[in-house]
Amino acid sequence: MIIAHTINEVKEHVIEWKKKGLSIGLVPTMGYLHEGHASLIKKARTDNDIVIVSDFVNPIQFGAGEDLEDYPRDFEADCKLCTSLGIDLIFNPNPSEMYLKGFHSYVGVDTLSAGLCGKSRPIHFNGVCTVVSKLFNITEANRAYFGKKDAQQLCIVKRMVRDLNFNIEIIGCPIIREEDGLAKSSRNTYLNATERAAATILHKALTKGEDMIRNGEKKSHTIINEIKSILEKEPLARIDYVELVDSDELQPVDTINGGILCAIAVYIGKARLID
Ligand code: PAF
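Criteria and thresholds
- Residues numbered from 1 in each chain as written.
- Predicted model: local features only at pLDDT ≥ 70, side-chain atom pairs only at ≥ 80, totals over all residues.
- Heavy atoms only, no water.
- Pairing = 2+ DSSP bridges.
- Helix = DSSP H or I, 4+ residues; strand = E, 2+ residues; numbered from the N terminus.
- Axes fitted to C-alpha atoms, helices over the stretch in contact; angles between N-to-C directions.
- Parallel < 35°, antiparallel > 145°, perpendicular 65-115°, else oblique.
- Left-handed = near helix turned anticlockwise from the far one by under 90°.
- Contact = heavy atoms within 4.5 Å.
- Nonpolar A, V, L, I, M, F, W, Y, C, P; charged D, E, K, R; others polar.
- 1 Å grid on protein atoms, 1.4 Å probe; cavity = no way out; pocket = protein on both sides within 12 Å on 5 of 7 lines; lining within 4 Å.
- Points joined across faces, edges and corners; volume = space filled by probe spheres on them.

**Comments concerning the sheet that holds strand 7 (residues 237–246)**
- Taking strand neighbours across the sheet as the criterion, the 3 strands line up as 7-8-9 in an open arrangement whose pairing is antiparallel. Across the chains shown, the open sheet's two edge strands, defined by having one partner strand only, are strand 7 and strand 9 (271–274). Sheet twist, expressed as the mean angle between neighbouring strand axes with direction ignored, is 15°.
- The pairing of strand 8 (residues 260–268) with strand 9 spans 4 bridges and is antiparallel. Looking at the pairing, Ala265 lines up with Ile274 of strand 9.

The structure is reproduced here in structure tokens:
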């Protein structure tokens, strides 16, 4: 496996791979890889001749007071996992490599970025779109893989690719959960044992909402209230949002008819968990 820290190194390899007509799959990550990432990597490995994993904690998607400094990092463990999964190249740049002095160019998708996580993290999705655009350009990937846990991110990246005519296919992959239902996330590492047990409430609450929808409930506020009431029974849980939005424009819906996304963000201790 090639370990690349500079954009030029990646580009040199990409030129050679493209000359040979090989397809490239990209798995963008912020490192501290877990089984969720492994599932994206395995899918990329199956679909492509070459797989690149980017391992970069992207500073511009963190707002002031967020967890940029604390975000867990373990590049050695990431390299081991990527080697075991047969990755061709891991790209681990420094922030100064990605954002040169005088960097002033940002990519953003409005409307879709305004609600859900965008309300409490106003600069987040512009930071994501910008870094993802750079990674698409650097790797010239044919396909890129994103987890469905970050449903708003996936939707926004797909829209950006469509609107700006990026020559890449975006593939959404299923949420990977712990046995008790908690969605795998690098941020789960912030939870102590008591908080970890409390965090199972997210999946329980969402499962109840899903059951209600399957049983024919159409009124959003009834479902949202039920999900909130389950979350509120857990003393360690602090709700950021519980929302039902249409899966296209991510706008709140009053009545369910058609594709919807039920999304929640909940603080357990200092961890902000989404599902
Ligand atoms: O989902 C993530 O880990 C990040 O938002 C991403 C897509 C790697 C961009 O930094």
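**Let's talk about the packing of helix 9 (residues 201–214) against helix 10 (residues 220–232)**
- For the pair helix 9 and helix 10, the least separation of the axes is 9 Å and the interaxial angle reads 155°. On the basis of their axis angle, the class for helix 9 and helix 10 is roughly antiparallel. Here the hand of the crossing between helix 9 and helix 10 comes out right-handed. Residues Ile201, Leu202, Ala205, Lys208, Gly209, Met212 and Ile213 of helix 9 form the contact with helix 10, whose own contacting residues are Thr222, Ile223, Glu226, Ile227, Ile230 and Leu231.
- Its residues placed into classes, the contact of helix 9 with helix 10 shows 9 nonpolar, 2 polar and 2 charged.

**Observations regarding the sheet that holds strand 4 (residues 89–91)**
- The 6 strands are arranged 1-4-3-2-5-6 in an open sheet whose pairing can be described as parallel. Only two strands of the sheet have a single partner each, and these edge strands are strand 1 (2–4) and strand 6 (169–173). Adjacent strand axes in the sheet meet at a mean angle of 25°, parallel and antiparallel pairs treated alike.
- As paired elements, strand 1 and strand 4 share 3 bridges and run parallel to each other. Counterpart to Ala4 in the pairing with strand 4 is Phe91.
- In the packing of helix 6 (residues 124–139) onto the sheet, the strands contacted are strand 2 (24–29), strand 3 (50–55), strand 4, strand 5 (143–147) and strand 6, and the crossing angle to strand 2 comes to about 150°.

**Here's the deal with the layout of surface pockets**
- Space inside the second largest pocket adds up to approximately 170 Å³.
- Residues that form the lining of the second largest pocket fall into these classes: 7 nonpolar, 3 polar and 4 charged.

Note that all results are geometric; they support no functional claim without further evidence.
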